[in-house]
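Take a look at the letters that make up each chain.
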Amino acid sequence: MDYKPNFSEFTYDELLDAEKHIDKDAYPERYAEVIELLNDPNHTSQGKNEFFEEIEVSKYSTFWPRFWAAFIDGILFAIILYVESLIFGFDYTQQDKFFQTFNAIQLGVYAVLMHGLCGGQTFGKMALGVKVLNHLDESEIGVKQALRRESVNLVLNTLSLILIVVVASSIETTGTLSTFVTLSAAVLGVVAITWVISEFVTMLFNEKRRALHDFIGRTVVIRT
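Residues numbered from 1 in each chain as written. Predicted model: local features only at pLDDT ≥ 70, side-chain atom pairs only at ≥ 80, totals over all residues. Heavy atoms only, no water.

Asker: An account of the overall build of the protein chain is needed here, citing residue identities and associated values.
Answerer: For the protein chain, the helix and strand inventory stands at nine helices and two strands. Beginning at the N terminus, the succession of helices and strands in the protein chain can be written as α-α-α-α-α-α-β-α-α-α-β. Sorting the 224 residues of the protein chain into buried and exposed places 33% on the buried side. A fraction of 62% describes how many contacts in the protein chain between residues 6 or more apart in sequence connect residues 24 or more apart. Just so you have it, the protein chain exposes about 14100 Å², and 64% of that area is on carbon and sulfur atoms. (Helix = DSSP H or I, 4+ residues; strand = E, 2+ residues; numbered from the N terminus. Buried < 20%, exposed > 50% of the residue type's maximum accessible area, 1.4 Å probe, protein only. Contact = heavy atoms within 4.5 Å. Areas by Shrake-Rupley, 256 points an atom, 1.4 Å probe, with all protein chains shown as cover.)

Asker: Describe the packing of aromatic side chains, listing the residues and the values that go with them.
Answerer: In the structure shown here, the tally under the stated rule is eight aromatic pairs. Geometrically, the ring pair formed by Y110 and F123 is stacked, given 6.4 Å between the ring centres and 25 degrees between the ring planes. Of this pair, Y110 sits in helix 5 (residues 97-117) while F123 is found in helix 6 (residues 123-128), placing the two residues 13 residues apart along the sequence. Through a chain of ring-to-ring contacts, three or more aromatic side chains come together here, namely F63, W64, F67, W68, F71 and F200. The ring of F215 is capped by R210, whose NZ or CZ atom sits 4.2 Å from the centre of that ring. (Phe/Tyr/Trp six-rings, centres within 6.5 Å; stacked < 30°, edge-to-face > 60°. Lys NZ or Arg CZ within 6 Å of the ring centre and 35° of its normal.)

Asker: Now, about the environment of V34: what can you tell me, with residues and values included?
Answerer: Secondary-structure assignment places V34 in helix 2 (residues 28-38). Setting aside residues no more than four positions away along its own chain, V34 makes contact with F7, L15, A18 and E19.

Asker: Before we move on, can you summarise the side chain of R210 with the specific residues and values?
Answerer: With respect to the element layout, R210 can be found in the loop between helix 8 (179-204) and helix 9 (212-217). Put simply, R210 is tucked away with no salt bridge, and the nearest opposite charge, on D214, sits 5.8 Å away. A distance of 2.9 Å separates a polar atom in the side chain of R210 from the backbone oxygen of T219. (Lys, Arg positive; Asp, Glu negative; His and termini not counted. Salt bridge = Lys/Arg side-chain N within 4 Å of Asp/Glu carboxyl O. Polar contact = N/O pair within 3.5 Å; in protein donor to acceptor, adjacent residues only side chain to side chain.)

Asker: Hey, could you go over the pairing of strand 2 (residues 219-223) for me, with residue numbers and the actual values?
Answerer: Counting buried positions along strand 2 gives four out of five residues, so the element sits mostly inside the fold. Pairing between strand 1 (residues 130-134) and strand 2: five bridges, direction antiparallel. When the sheet's bridge partners are listed, L133 is paired in strand 2 with V220. (Pairing = 2+ DSSP bridges.)

Asker: Run through the packing of helix 4 (residues 63-88) against helix 5, naming residues and quoting values.
Answerer: What describes two packed helices is the angle between their axes and the distance between those same axes. Interaxial distance between helix 4 and helix 5 falls to 11 Å at its minimum, and their mutual angle equals 125 degrees. Our classification of the angle between helix 4 and helix 5 gives oblique. Judged by the twist between their axes, the crossing of helix 4 over helix 5 is right-handed. Two secondary-structure elements touch here, helix 4 through D73, L76, F77, L81 and E84 and helix 5 through N103, Q106, L107 and Y110. In terms of residue class, the contact of helix 4 with helix 5 is made up of five nonpolar, two polar and two charged. (Axes fitted to C-alpha atoms, helices over the stretch in contact; angles between N-to-C directions. Parallel < 35°, antiparallel > 145°, perpendicular 65-115°, else oblique. Left-handed = near helix turned anticlockwise from the far one by under 90°. Nonpolar A, V, L, I, M, F, W, Y, C, P; charged D, E, K, R; others polar.)

Asker: Which residues make up the packing of helix 7 (residues 143-174) against helix 8, and what values go with them?
Answerer: Here helix 7 crosses helix 8 at 155 degrees, and the two axes come no closer than 11 Å. Classified by the angle between their axes, helix 7 and helix 8 sit roughly antiparallel to one another. In this structure, helix 7 crosses over helix 8, and the sense of that crossing is left-handed. Residues V152, N153, L156, L159, S160, L163, V166 and V167 of helix 7 form the contact with helix 8, whose own contacting residues are V181, S184, A185, L188, V191, A192 and W195.

Asker: Describe helix 5, listing the residues and the values that go with them.
Answerer: With 21 residues, helix 5 should reach 30 Å at 1.5 Å per residue; the first-to-last C-alpha distance of 30 Å fits that figure. Where helix 5 is buried, its residues meet helix 4, helix 6, strand 1 and helix 7. At the C-terminal side of helix 5, G119 shows a positive phi close to 70 degrees. (Expected span 1.5 Å × (residues − 1).)

Below you can see the structure in the form of structure tokens.
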């Protein structure tokens, strides 16, 4: 005996799945019943709302994809830095703060250009299937908006680079650090740490997982 499902008990998601997979030619009556139930607002209104709410939540669940995208971009820049060291003849070490900071600035410029010119995606985001879009209408962003999004990171890293040069120059000239330089380094360090913590806090405690730089850039990251 051919089993006939009770489509009236199906959820909206299950009805969509049935519509997609049912054999229309072999079971035209069943297909017609599924379509009728899908078009019946009294039957699907609640389930339909729950279905689209789940899709909406899933679309913005980007914490781990963004994390691994940044990891991939970091590997890419480690390779770039190695090539640069070969071309320009400097030795990069983990203790070399100047080149670490310079590399961070390059990474920021890379993010601006890729997000602004390549549909809101770096190579890492392409690999993980996420992209940066305008928060208001989820349209693609341009270089100007991408620059605003990365502005704080670029400013902090540029100031750090300047401070590193000043510290090196001060030690070479006087053998000591002035109170102003020492205080500036301490303040900049506190600001940088506060910024990083704020990024994680804002990302974890809003529905669209927007980090602080997303609020500044008026952007949102979604799954593609």
